[in-house]
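Commentary on secondary and tertiary structure
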Amino acid sequence: MSVDDATVRRIAHLARIAVKDDEIAHLRGEINGILGWIEQLGEVNVEGVEPMTSVTPVKLKMREDKVTDGGYPERVLANAPNTDRGFFLVPKVVE
Amino acid sequence: MTSLTTLTLAEARDGLRGKKFAAREIADAHIAAIEKARALNAFVLETPDRAREMAAASDARLAKGEGGPLEGVPLGIKDLFATEGVRTTACSKILGNFVPTYESTVTSQLWRDGAVLLGKLNNDEFAMGSSNETSCFGPVQNPWRRRGSNAPLVPGGSSGGSATAVAAHLCLGATGTDTGGSIRQPAAFTGTVGIKPTYGRCSRWGVVAFASSLDQAGPFTRTVQDAAILLRSMSGHDPKDSTSVDIAVPDFEAAVGRSIKGRKIGIPKEYRVPNMPAEIETLWSQGAEWLKAAGAELVEISLPHTKYALPAYYIVAPAEASSNLARYDGVRYGLREDGRDVIDMYEKTRAEGFGPEVRRRVLIGTYVLSAGYYDAYYLQAQKVRTLIKRDFEEVFAKGVDAILTPATPSAAFAIGEKGADPLEMYLNDIFTVTVNMAGLPGISVPAGLDENGLPLGLQLIGRPFDEETLFATGAVIERAAGRMKLPDPWW
């Protein structure tokens, strides 16, 4: 499988990364180089093999369903580029 | 260089306890060494005031006989660990001037045990790289140079700042993280010891996430014993990381010096790769001879899916990275570039904030997870991962205690030498990446020099949660090879 220019643009949009027109050809070449190399996985017989979901055979621990942290909005907002009265500010989303 | 910076971590710890010198003196000696070594670009943030403050507190505790296991020991911290009140960037422009309001679990345990923070160490952007050249702060220089040459060499990556800082005597030990080899490869390139423990041994809470099913923290030091000391403090269950494992942390230091008589060491035939330099092949055989002389039994083993580990990794790791890095959206922290609407703001912020290697991996990860391609790429890779892990399980079931391999396919290369083709850089991790895919512990121990006088390392791979065998066996290699003589300062 290889990607074309339109696919590179679509992936970049899905990834929310702006890509300039003059970068597309270069990116397409790099992505296709990597995809061509990982294609060799297709030759592995995986019939009846379960995909890995956890690398250690450990059962996830359950914890009590209660709030254990929080109550300090100023710390949560301390690094935000733009805030107002305890909220994060973003460009207008709803017209 | 003063003698206080050439001590091992164990010697410093014992000397502090015995009141031979003060924590303030050790801190000052390292602060001075760091100032003189700025050309190496190992530190992206120096914290001398904090170091002196912490050292003074250590001296007060030591005076009362209340010192912890690392009391007064000055360390460097990879800039991937969140440090409260101390800028943490993952060496990415997108985190900008992020100052955490919390402390990572691993570093909080180091401070609990009395360690002193010297500063934050350079790394590849978001730990994506094998040469420390993708950092937004620029490359780190390896203190080693080829005999008769002044060409600057890479320290390896992604934990390049950690490796250089330890090798150049700028700290007694450092933290690193390892997703595909980011501790073991730079350790091998700089003549230092680095261990990636079993997945789940150290908490990932407060460590900037790259690929969550592969990331593990671990130490860099100048001796195997020092690595054992530091790993013990870094390890342990943390309720804030559901993948950290709730089992007892052994006294790793006690394993150093333990006999390996009768232990079975596997030599995997698949690690004999084409074009492997003859000196690495020779070093590998030499390592096997050392272990045999110490009473171990050497057996040839087969790990048939080895060649598929790297391509599978380059699906799994970018996929997880594309998901983890979605959080850098210009809203809650870090860089923001204004846009005409919220989507435009996201896209401009991420275009401006991510470097080329990070962008490449996020794009690959997005593609392999996208509708219609998930089964062909991601699901296939996770099935191959099951097979890679099964290879190891079968070998361990036959009684193999540890596996001996080269740590890297070459010695350190020059800054700018690789990277035009991303695949060429990825191949650096060929011997280390299998270990992350299977969640196993792996240690890199300096074992010799190549024809240019550059250090080479051997890797030992262990059973899950059996780091003790790696420390015992690693110490045998260290003893047989002789402690690596690190370069005298030219910087």
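Overview of the structure. This structure is a prediction, so every number in the text was calculated from the model and none was measured.

Scanning chain A from terminus to terminus reveals three helices and two strands. When the elements of chain A are put in sequence order from the N terminus, they spell out α-α-α-β-β. A compact globule built from 95 residues should have a C-alpha radius of gyration of about 12 Å, whereas chain A, at 23 Å, is more than 25% larger. For chain A, the proportion of its 95 residues judged to be buried stands at 14%.

All right, on to the nonpolar core then. Residue and element names in this part refer to chain B. One finds L75, V116 and I315 to be the most contacted residues of the largest nonpolar core, which totals 165 residues. Among the elements that line this core, the one with the most residues is helix α11 (residues 309–324), at 10 residues. Setting aside anything within four residues of it in sequence, one finds V116 in contact with A23, A27, A51, M54, A55, S58, G72, V73, P74 and L75.

Further remarks concern the interface of chain B and chain A. Tallying the contact residues gives 54 residues for chain B and 38 residues for chain A. Elements represented by at least two residues in the side of chain B that touches chain A include exactly α11, α12 (342–353), α13 (356–369), α14 (375–397) and α15 (422–426) of chain B. Among the elements that make up the side of chain B that touches chain A, the one with the highest residue count is α14 of chain B (10 residues). Grouping the constituent residues of the side of chain B that touches chain A by class yields 29 nonpolar, 13 polar and 12 charged.

Take the environment of G86 of chain A next. All names here are of chain A. Mapped onto the elements, G86 comes out in the loop between β1 (83–84) and β2 (87–88). The class of G86 is exposed, set by 9 C-beta atoms lying within 10 Å. For the pair G86 and E74, spaced 12 residues apart in sequence, the C-alpha to C-alpha distance is 7.3 Å. Those residues in contact with G86 that lie beyond four places of it in its chain are P73 and L77.

Residues and elements named next belong to chain B. For strand β9 (residues 402–406), a buried count of five out of five residues is recorded, marking the element as mostly surrounded by other parts of the structure. Note that strand β7 (residues 264–268) and β9 share two bridges and pair parallel. Of the residues in β9, the one forming a bridge with G266 is I403. Where β9 lies against strand β11 (residues 455–462), five bridges are found, and the strand directions are antiparallel. Across the sheet, I403 pairs through a bridge with I461, a residue of β11.

Cut-offs used in this document
- Residues numbered from 1 in each chain as written.
- Chains lettered and ligands numbered in written order.
- Predicted model: local features only at pLDDT ≥ 70, side-chain atom pairs only at ≥ 80, totals over all residues.
- Helix = DSSP H or I, 4+ residues; strand = E, 2+ residues; numbered from the N terminus.
- Rg over C-alpha atoms; globule rule 2.2 N^0.38 Å.
- Buried ≥ 20, exposed ≤ 12 C-beta atoms within 10 Å, placed from the backbone.
- Core = buried A, V, L, I, M, F, W, Y, C linked by C-beta atoms within 7 Å.
- Contact = placed C-beta atoms within 7 Å.
- Nonpolar A, V, L, I, M, F, W, Y, C, P; charged D, E, K, R; others polar.
- Pairing = 2+ DSSP bridges.

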